[in-house]
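Residue-level listing of the chains:
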Amino acid sequence: MNSPSSLLLTMQYELALSIGQSLDLDKMLKTFLVAVCQRLSCTSAHVKFASHDMDVMKVGSGFVSYPRSTDNWFESLLWRQPLGDGHFEYDRRHCWSIPMERGRTLVMVSRDNTIAPEFIKALHPILARLSRSIDGCIHYQMVNRMKEESASRENELREAKEAAEESNRAKSEFLANMSHELRTPMNGILGMAQIIEESEADPTLRENINIIRRSADSLLSILNDILDFSKIEAGKLTFESIPFDLIEELDEFFSISKMNASRNDIDFVIEVDPVFPKRLMGDPLRMKQIVMNLVSNALKFTEYGGVYLHFREASVAFDEQGRSVHNIVIEVRDTGVGISEEKLDVIFTPFSQADNSMTRKFGGTGLGLAIVNQLARMMGGRVSVESQEGVGSVFRFHIGLVEAPAPQRQPPRAEIGADIVIPSQRVLVAEDNVINQKIIEALLKKMGHRVDLADDGEKAVEKYRANRYDLVLMDIQMPVLNGYQATAILREIQRDRNEAIPIIALTAHAMKGDREKCLRNGLDDYLSKPIVINELRSVLAHHARAA
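Keep in mind that this is a model prediction, so the values were computed, not measured.

Reading guide: rules and limits
- Residues numbered from 1 in each chain as written.
- Predicted model: local features only at pLDDT ≥ 70, side-chain atom pairs only at ≥ 80, totals over all residues.
- Heavy atoms only, no water.
- Helix = DSSP H or I, 4+ residues; strand = E, 2+ residues; numbered from the N terminus.
- Expected span 1.5 Å × (residues − 1).
- Buried < 20%, exposed > 50% of the residue type's maximum accessible area, 1.4 Å probe, protein only.
- Polar contact = N/O pair within 3.5 Å; in protein donor to acceptor, adjacent residues only side chain to side chain.
- Core = buried A, V, L, I, M, F, W, Y, C linked by side-chain atoms within 4.5 Å.
- Contact = heavy atoms within 4.5 Å.
- Axes fitted to C-alpha atoms, helices over the stretch in contact; angles between N-to-C directions.
- Left-handed = near helix turned anticlockwise from the far one by under 90°.
- Nonpolar A, V, L, I, M, F, W, Y, C, P; charged D, E, K, R; others polar.
- Parallel < 35°, antiparallel > 145°, perpendicular 65-115°, else oblique.
- Pairing = 2+ DSSP bridges.
- Phe/Tyr/Trp six-rings, centres within 6.5 Å; stacked < 30°, edge-to-face > 60°.

Please clarify how helix α14 (residues 483-497) should be interpreted in this entry.
Residues lying three or four places apart along an α-helix face the same way, a consequence of the helix completing one turn every 3.6 residues. In this model, α14 (15 residues) spans 21 Å end to end at C-alpha, consistent with the 21 Å of a helix rising 1.5 Å per residue. Of all the residues in α14, the buried ones are Gly-483, Tyr-484, Ala-486, Thr-487, Leu-490, Arg-491, Ile-493 and Gln-494. Its side-chain oxygen at 3.0 Å from the backbone nitrogen of Tyr-484, Asn-482 defines the N-terminal cap of α14. Just past α14, the residue Asn-498 takes up positive phi, approximately 60°.

Laid out in structure tokens, this is it:
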């Protein structure tokens, strides 16, 4: 047959119209299969999909049928391999198998009628169009599924983010509570040790008390390392950018380190280059922490010779705002036990030391250098090390810091020292822990002050209403009313009385940001537990002078 008849053209036209009327694959194919059965007098028609279609679409049992049937012979027929091409008989039925693009197959079934070859031939261009329409449906289905999966993933990511944030909040709360709970008994140990050490005349007893205090200081240092590392892990560590003089900040630490080195019969030498910048912008607490950790490590692992600390400036550059950026190097050199070359990378790993025997001999958590390394990186600096086992080590801390502007004139804060003369004051102490009450009361009375105690925030407010005080020391975590709530009420009373009595936070909450939180909540100053007598004396003197 050289050209299709009008009957064939009509069939092609009607079947072509049934294609592409829906983007739903099942609906589109069923529309087409109904038209095929009607035009070619078939009892059923089926489209079998190739394996790659199944992987993408996961459609049914691998074929779409009209009419839908549960007869087992259909599955047996459609999954028979190979299905073949052309006319064949199966279970006393006439069957036609016509290949399509991409490995798909159209199967038509009739009990009595046969289909002329001309109609089969006329179906080929229609099936090519059908196959392309199937591709369109598959693509549409894939895009929709990707959108659904993307939305689902976004929901999962959002839920995971919320869960992670909640976990971090819980971790931060746990760290704050743990800090408070551990510092409270430490306050008792250190406070009583200070009181007895200052008042005891017997040298032997004073030395024993001094051992207790030093041991408690070491325990407090370990506690601080663990809390710092946990905060770094939780991403909760923040940094200040304020003017500071690093050498001045470290002055007291230098004095203590020289005493410790002298006691162990080793040298401790500090060298500061003349061009080393005096005032820089940064976080003085974290800068001190890095230097103190490196020096303390060097002193701990050095039994002979000495530790040599060198502050120098490597170079000066300018940032985009034209400010001077000083690239400084702080070098800590020792003649200690040294580190073998293969262990150099391990020392910056948390909870690790170069040798287990070091832990047994010298102690430590193995967190110090890990914290130093991470703090340096978080501030844009780095720590390097050179070492030779049995000879010694050199640690270098490199960082670039902006030069601080010239300081404004401010009233000087009272210097720390036992010779500070502070006028006798009446002090209200709000503190719920009995041991802490005894320590604070003893320290204040030793300085010549009169003390009233309140063991919760509500009682502190009642005592303040009934009396006149020169200063209030306020614990933060108390029953009934906490320190912030009590402070807010005291400020209202002060406004009514037209007075401005200092309220100073005295709290075991000593995590980063707690000081700022206290100041935002109306307190005038901040002291952390365990109480250091000289810090308490200095704060009292400062506010007495300001009054």
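Would you explain the nonpolar core in this entry?
Among soluble globular proteins, nonpolar side chains are generally buried collectively. Core analysis: the biggest nonpolar cluster contains 38 residues, and Met-287, Leu-309, Phe-311, Ile-330 and Phe-397 have the highest contact counts within it. Mapped onto this core, the elements with two or more residues apiece are α8 (251-263), α9 (284-300), β9 (306-318), β10 (324-334), α11 (368-378) and β12 (392-402). Setting aside chain neighbours within four positions, we find Met-287 in contact with Phe-244, Leu-246, Ile-328, Ile-330, Met-379, Phe-397, Ile-399 and Leu-401.

Help me out: how do you make sense of the packing of α9 against α11 in this one?
Helix packing for two helices is described by the angle between their axes and how far apart those axes are. Contact geometry for α9 and α11: axes closest at 10 Å, N-to-C directions at 145°. Relative to α11, the crossing made by α9 is left-handed. Residues Arg-286, Gln-289, Ile-290, Asn-293, Leu-294 and Asn-297 of α9 lie in contact with α11, whose contacting residues are Gly-368, Leu-369, Ile-371, Val-372, Leu-375 and Ala-376. Classifying every residue of the contact of α9 with α11 gives seven nonpolar, four polar and one charged.

Hey, could you run me through the packing of helix α1 (residues 6-17) against helix α2 (residues 25-40) in this one?
Viewed as axis vectors pointing N to C, α1 and α2 meet at an angle of 160°, and their least axial separation amounts to 10 Å. Viewed along their axes, α1 and α2 adopt a mutual orientation that is roughly antiparallel. Between α1 and α2 the crossing geometry is right-handed. Judged by residue contacts, Leu-7, Thr-10, Met-11, Glu-14 and Leu-15 of α1 engage Phe-32, Ala-35, Val-36, Arg-39 and Leu-40 from α2. A breakdown of the residues in the contact of α1 with α2 according to their chemical character gives seven nonpolar, one polar and two charged.

It is not clear to me how the sheet that holds strand β5 (residues 105-110) should be interpreted in this structure. Could you clarify?
Two pairing modes exist for strands in a sheet, parallel and antiparallel, and in both the strands are linked by backbone hydrogen bonds. One open sheet accounts for five strands, arranged β2-β1-β5-β4-β3; its pairing is antiparallel. With partners counted over all chains shown, the strands left at the sheet margins are β2 (63-66) and β3 (86-90), one partner each. Geometrically, the sheet is characterised by an average inter-axis angle of 20° between neighbouring strands, direction not taken into account. Relative to β2, strand β1 (residues 44-48) runs antiparallel, the two sharing four bridges. Looking at the pairing, His-46 lines up with Ser-65 of β2. Strand contacts of α2: β1, β2 and β5, with the helix running at about 45° to β2, the strand carrying the most contacts.

It is not clear to me how the packing of aromatic side chains should be interpreted in this structure. Could you clarify?
The description of two aromatic rings rests on the distance between their centres and on the angle between their planes. Within the structure shown, the criterion is met by four aromatic pairs. With centroids separated by 5.6 Å and ring planes inclined at 70°, the aromatic side chains of Phe-276 and Phe-311 adopt a geometry described as edge-to-face. With Phe-276 in the loop between β7 (267-272) and β8 (280-282) and Phe-311 in strand β9, this pair connects stretches of sequence that are 35 residues apart. According to the relative accessible area criterion, Phe-276 is buried, its value standing at 8%. Assessed through its relative accessible area of 0%, Phe-311 is described here as buried. Look at Tyr-464 and Tyr-469: their rings are 6.1 Å apart centre to centre, the planes differ by 25°, and that puts the pair in the stacked class. For Tyr-464, a relative accessible area of 0% puts it in the buried group.

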